[in-house]
Amino acid sequence: MKITGVKTYVLQATLGEHGFGWSQRVTDRRQSAICVVDTDEGVQGVGEAFYFGGPAEAVAALIDDGLGPLVVGHDPFDTSVLWDRLYNLTRDQGQKGLTISAISAVDIALWDIKGKALGLPVYKLLGGAYRARARAYATGLYEPQGVPSIVAALVEEAVGYREAGFTGMKLKVGYGLETDESYVRAIREAIGDDIALMVDANHAYNASEAIRLARVLADYDVYWFEEPVIPEDIDGYMEVRAASDVLIAGGECEYTRYGFRQLIDCRAVDILQPDLCAAGGFTEVMKIIAMASAASIPVLPHVWGTNVGLAAALQLYAALPHFPERRFAAEPFFEYDRSHHPFRDGVTHEQLSFDSGYLEIPDRPGLGISLDVAYLQKFLA
Ligand SMILES: [Mg+2]
């Protein structure tokens, strides 16, 4: 089998009254870059690149003009060989960020091709499924715009997740310590004590601020504190982790085995969060998982994007080992973004199945999805 072409769809939609904010900015739109890889045997693979802050056109140019010509003519089964080739040929300026997101999308599409060609779900090719369904937590609780009371709107949203069956949810923080505590307090009171509550500062604080917040968070039984400090500040992560009774999570802004090596070697976090669509795709994230498992640091992937990225993440999640293996092993949480997204579900013919707090992991070939190309046309940027 030979790769014959690589093409990327750049999708965009505005959010209108559903615009949302977090510690760094307010957004009024969603964008996605969905990559399709074709082969001479008619098997087509699909992948998605994670990025935030766009423009998605930059990722698409990297995939179509930069990476595509480097893989056309090659065997899509050679995922490790092609990954190393793509990384090495973009290494000089591409070690982190959009270039690795672009490589991730191509790599995911190649694994989709392998699975479809063999009639096997990707998780089988990754070593098998540790689980058949994913315990999902709701990512949402962003800062709503144009509402009379932010706290009231957050509480209503949080109660909605509880009623929908979620056993965990994640709140954005990073607005200042007093504001953060007021949100955490209101939500904890509203949802009760039997639901996991996580918070995410999106690297809004320095280490001393984050330590002060971590001490407050412990009073509300917060499960983990995500991205307390900027991703470059490994020493800051270590200081916060040493001083915090709440678990420290991070890694969505880190890339490849080379980047994660430092986080793992320094034991900078309690929970590593590589994003499949950003950190290097299946080929690279499985290596990151292997490194993390040697240090017994749990990997709970960061997940964001359309049904393409979600379906890929579910395949990875199936193959996620326990950290460590034991008779009654801890089951990981799966990040399920519930914030407003006009085209998240429509891009694929198949829909995810959510019931009683769990997402089913599809056992169809490849990623278990097919693109609805006619639908995509409505959102082309
Ligand atoms: Mg995050």
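No experiment lies behind these values; they were computed from the predicted model shown. For every chain, the first residue of the written sequence is number 1, and numbering continues from 1 onward in sequence order. Totals for whole chains, interfaces and linings use all residues, but because this is a predicted model, local features are given only for residues with pLDDT of at least 70 and pairs of side-chain atoms are given and counted only at 80 or more. Note: side-chain values were computed over all heavy atoms of the structure, leaving out hydrogens and water.

A few words now on empty space enclosed by the protein. Throughout, the protein atoms alone are placed on a 1 Å grid, and a set of points is a cavity if a 1.4 Å probe fits but cannot get out or a pocket if it is open with protein on both sides within 12 Å along at least five of seven lines; lining residues have an atom within 4 Å of a point. Grid points are joined across faces, edges and corners, and a volume is the space filled by probe spheres set on the points. For the structure on display, the rule yields two cavities of 30 Å³ or more. Estimates place the volume of the largest cavity at around 50 Å³. For the lining of the largest cavity, a count of residues per class yields four nonpolar, two polar and three charged. What the second largest cavity holds in volume is close to 40 Å³. The wall of the second largest cavity is formed by Val71, Thr79, Leu82, Trp83, Leu86, Ile103, Val106, Asp107 and Leu110. Where helices and strands are cited, they refer to DSSP runs of H or I of at least four residues and of E of at least two residues respectively, numbered from the N terminus. Listed by contribution, the elements that provide at least two residues to the lining of the second largest cavity are helix H2 (79–94) and helix H3 (98–118). Any residue outside Ala, Val, Leu, Ile, Met, Phe, Trp, Tyr, Cys, Pro, Asp, Glu, Lys and Arg is labelled polar, Gly included; the first ten of those are nonpolar and the last four are charged. Tallied by class, the residues present in the lining of the second largest cavity amount to seven nonpolar, one polar and one charged.

Bear in mind that the domain bounds are from an automatic or database domain assignment. Domain boundaries assigned for the protein yield domain 1 (3–119 + 374–378) and domain 2 (124–360). Put simply, the middle of domain 1 and the middle of domain 2, counted by C-alpha atoms, are 23 Å apart. With 44 residues of domain 1 at the interface, the matching set in domain 2 holds 46 residues. Here domain 1 and domain 2 share an interface that buries about 3,500 Å² over both sides, 65% of which is from carbon and sulfur atoms. Two parts lose some accessible area (1.4 Å probe) when they are put together, and adding that loss for both gives the buried area. The largest per-residue losses of area from domain 1 upon contact with domain 2 belong to Arg30, Phe50 and Trp111, which jointly make up 20% of the total buried on that side. Salt bridge, as used here, is a side-chain nitrogen of Lys or Arg placed within 4 Å of a carboxyl oxygen of Asp or Glu. Viewed at the interface, domain 2 and domain 1 are joined by three salt bridges. Distance and chemistry together define a polar contact, namely a pair of N or O atoms within 3.5 Å, with one atom able to donate a hydrogen and the other to accept it when in protein, and with adjacent residues in sequence counting only for side-chain atoms on both sides. Counting every contact that joins domain 1 to domain 2 gives 20 residue pairs in polar contact (both at pLDDT 80 or more). Elements with a minimum of two residues in the side of domain 1 that touches domain 2: strand S1 (3–14), strand S2 (20–21), strand S4 (29–39), strand S5 (45–49), H2, H3 and helix H13 (373–376). Partitioning the side of domain 1 that touches domain 2 into residue classes produces 19 nonpolar, 17 polar and eight charged. Contacts are assigned to residue pairs that have any heavy atoms within 4.5 Å of one another.

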